[in-house]
Amino acid sequence: MSSDNQDEYKLDQEQKIPFYQDVNGFRIPGMFSAESYKSALAYKPRPDDLFIVTYPKCGTTWVQNIVACILRNGKSFETALEFFLETPFLELMGGAAAETMKRPGSIKLHLPFHLTPWSSKAKYIFVARNPKDCCVSFYHHTVSTPGYRFQGEFDDFFELFINGEVDFGDYFDTLLSWYEHRNDPNVLFITYEQLKTDIKNSVLKIAEFIGIQHKELLEKDEKILDDVILHSSFNFMKEHLSKLMAELGAVIASNPEMVANNPDIPIGLKKVMLSGDFELSKKDARKIAIVRKGKLPH
């Protein structure tokens, strides 16, 4: 980090602002690689690409796991690396991660429509969520993720959120930009609340969007459908993914060369894992959860 960035970071800490960076006018987490982010924007979609697009904390991990379980006949991920590499986070890992990922799979994005790599031949699932719940969840994610180095309170974060000054920009800009495309034939626009209210039919709807053969298999084999719902449930994901992340953190702490020398791990992901911001081997590693509660508002 340059001396200017260090001074800026100290100022941010005094103002209780998380560690962010602005790249070409768009805000991303400070621990991300700017080059990986730029390569994500430059990625040219393939006809067999399936993108899962959300504003942060609007059901991304949930839908990633639903899609993965559909494609894996109900089976869950066995390692955290499998999760990262088979459902790559494009802004974090860069365009190369999508080019080399195992297929069929899905690609995660947190971008408004105008920044999203777009092709009428690719498929896009956009997930929307009540902004109040999104904001609360985003705050808890930020305060519990070491890489943000955030020391503020909810009121501090709320002001940033409502002004569109958090990472990945303004909630409403992202939502409205995708809402305009909700009827495009290659876009499935679904809400977090729909998933919570009727998970079975939501899973079948997602399966049909991916390919009619997937829906037909789930309708024919109730055991696979039940497994998809079970292995993408919040109770299962909270326990299972936290365990996998803690295991990965322990490996990184004990043998960082394994990550550094692994050609299958994209540079952007290596940067975060080896930077000291990927602190998952601490005693409180289980608190750093990808999934928190997954509840609807009262």
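Given the structure is predicted, the values throughout are model-derived calculations rather than measurements. (Residues numbered from 1 in each chain as written. Predicted model: local features only at pLDDT ≥ 70, side-chain atom pairs only at ≥ 80, totals over all residues. Heavy atoms only, no water.)

A. Representation of the overall build of the protein within the structure. Along the protein, the regular secondary structure elements total 16 helices and 6 strands. Long-range contacts, defined here as pairs at least 24 residues apart, represent 69% of the contacts in the protein between residues at least 6 apart. Working note: accessible area of the protein is about 14,200 Å², and carbon and sulfur atoms make up 51% of it. (Helix = DSSP H or I, 4+ residues; strand = E, 2+ residues; numbered from the N terminus. Contact = heavy atoms within 4.5 Å. Areas by Shrake-Rupley, 256 points an atom, 1.4 Å probe, with all protein chains shown as cover.)

B. Quick peek at the environment of Tyr171. Relative to the elements of secondary structure, Tyr171 occurs in helix α9 (residues 171–179). In the structure, Tyr171 is positioned 59 residues away from Pro112 in sequence and 9.0 Å away in space, judged by C-alpha atoms. Of note is the side chain of Tyr171, whose polar atom sits 2.4 Å from the backbone oxygen of Arg129. (Polar contact = N/O pair within 3.5 Å; in protein donor to acceptor, adjacent residues only side chain to side chain.)

C. A look at the environment of Leu160. Examined against the element boundaries, Leu160 turns out to sit in helix α8 (residues 154–162). In sequence terms Leu160 and Asp170 are 10 residues apart; their C-alpha atoms lie 9.5 Å from each other. Those residues in contact with Leu160 that lie beyond four places of it in its chain are Ile17, Pro18, Glu165 and Val166.

D. Spotlight on the pattern of salt bridges. If you walk through the whole model with that rule in mind, you get 11 salt bridges. The partner of Arg46 in a salt bridge is Asp48, with the nearest N and O atoms 2.9 Å apart. A relative accessible area of 33% places Arg46 in the partly exposed class. Taken together, the shared-partner salt bridges connect Arg46, Asp48, Asp49 and Arg103 into one network. (Salt bridge = Lys/Arg side-chain N within 4 Å of Asp/Glu carboxyl O. Buried < 20%, exposed > 50% of the residue type's maximum accessible area, 1.4 Å probe, protein only.)

E. Summary view of the state of the cysteines. Enumeration over the complete set of coordinates arrives at 0 disulfides. In this structure Cys58 is not part of a disulfide, and its nearest cysteine sulfur, from Cys134, lies 3.7 Å away. (Disulfide = S-S within 2.5 Å.)

F. How the structure looks around the packing of aromatic side chains. Inspection of every chain in the model, using the stated rule, returns 33 aromatic pairs. Ring centres 6.3 Å apart and planes at 80° place the aromatic pair Tyr20 and Tyr148 in the edge-to-face group. Here the residue Tyr20 occupies a position in strand β1 (residues 20–23), and Tyr148 occupies one in the loop between α7 (131–144) and α8, the gap between them amounting to 128 residues. Taking the relative accessible area as the measure of exposure, Tyr20 reaches 8% and is therefore buried. Aromatic pair Phe26 and Phe168: ring centres 6.4 Å apart, planes at 65°, arrangement edge-to-face. Of the two residues, Phe26 sits in strand β2 (residues 26–29) while Phe168 sits in the loop between α8 and α9, which places them 142 residues apart along the sequence. You can call Phe26 buried: its relative accessible area is 10%. (Phe/Tyr/Trp six-rings, centres within 6.5 Å; stacked < 30°, edge-to-face > 60°.)

G. Broad picture of α9. Taken as a whole, α9 has its buried residues at Tyr171, Thr174, Leu175, Ser177 and Trp178. Looking straight down α9, one finds that the buried residues subtend no more than 165° of arc, so they occupy a single side. In the core, the buried residues of α9 are packed alongside β3 (50–54), β5 (123–128), α7, α8 and β6 (187–191). Where α9 begins, the capping side chain belongs to Asp170, and its oxygen is found 2.7 Å from the backbone nitrogen of Phe172. (Arc of directions from axis to C-beta.)

H. The nonpolar core, seen in detail. Residues Ile125 and Ile206 are the most contacted members of the largest nonpolar core, which totals 89 residues. Among the elements that make up this core, the one with the highest residue count is helix α3 (residues 60–71) (8 residues). Not counting chain neighbours up to four residues away, the residues in contact with Ile125 comprise Leu50, Phe51, Ile52, Val53, Val63, Val67, Leu188, Ile190, Ile206 and Phe209. (Core = buried A, V, L, I, M, F, W, Y, C linked by side-chain atoms within 4.5 Å.)

I. Seen up close, the side chain of Ser177. As for its position among the elements, Ser177 is in helix α9. Here Thr174 takes part through its backbone oxygen, which lies 2.8 Å from a polar atom of the side chain of Ser177. If near-sequence neighbours (up to four positions away) are discounted, Ser177 is found in contact with Pro112 and Phe113.

J. Expanded view of the sheet that holds β3. In spatial order, the strands read β4-β3-β5-β6; together these 4 strands make up an open sheet with parallel pairing. Lying at the two open borders of the sheet, with one neighbouring strand each, are β4 (107–109) and β6. Across the sheet, the mean angle separating the axes of adjacent strands is 20° when strand polarity is ignored. Two strands pair when backbone bridges link them, and β3 and β4 are joined in this way by 3 bridges, in the parallel orientation. Looking at the pairing, Ile52 lines up with Lys108 of β4. Across the sheet, α3 touches β3, β4 and β5, and the angle it forms with β3 is around 160°. Against the sheet, helix α11 (residues 199–210) engages β3, β5 and β6, with an angle of about 165° to β6. (Pairing = 2+ DSSP bridges. Axes fitted to C-alpha atoms, helices over the stretch in contact; angles between N-to-C directions.)

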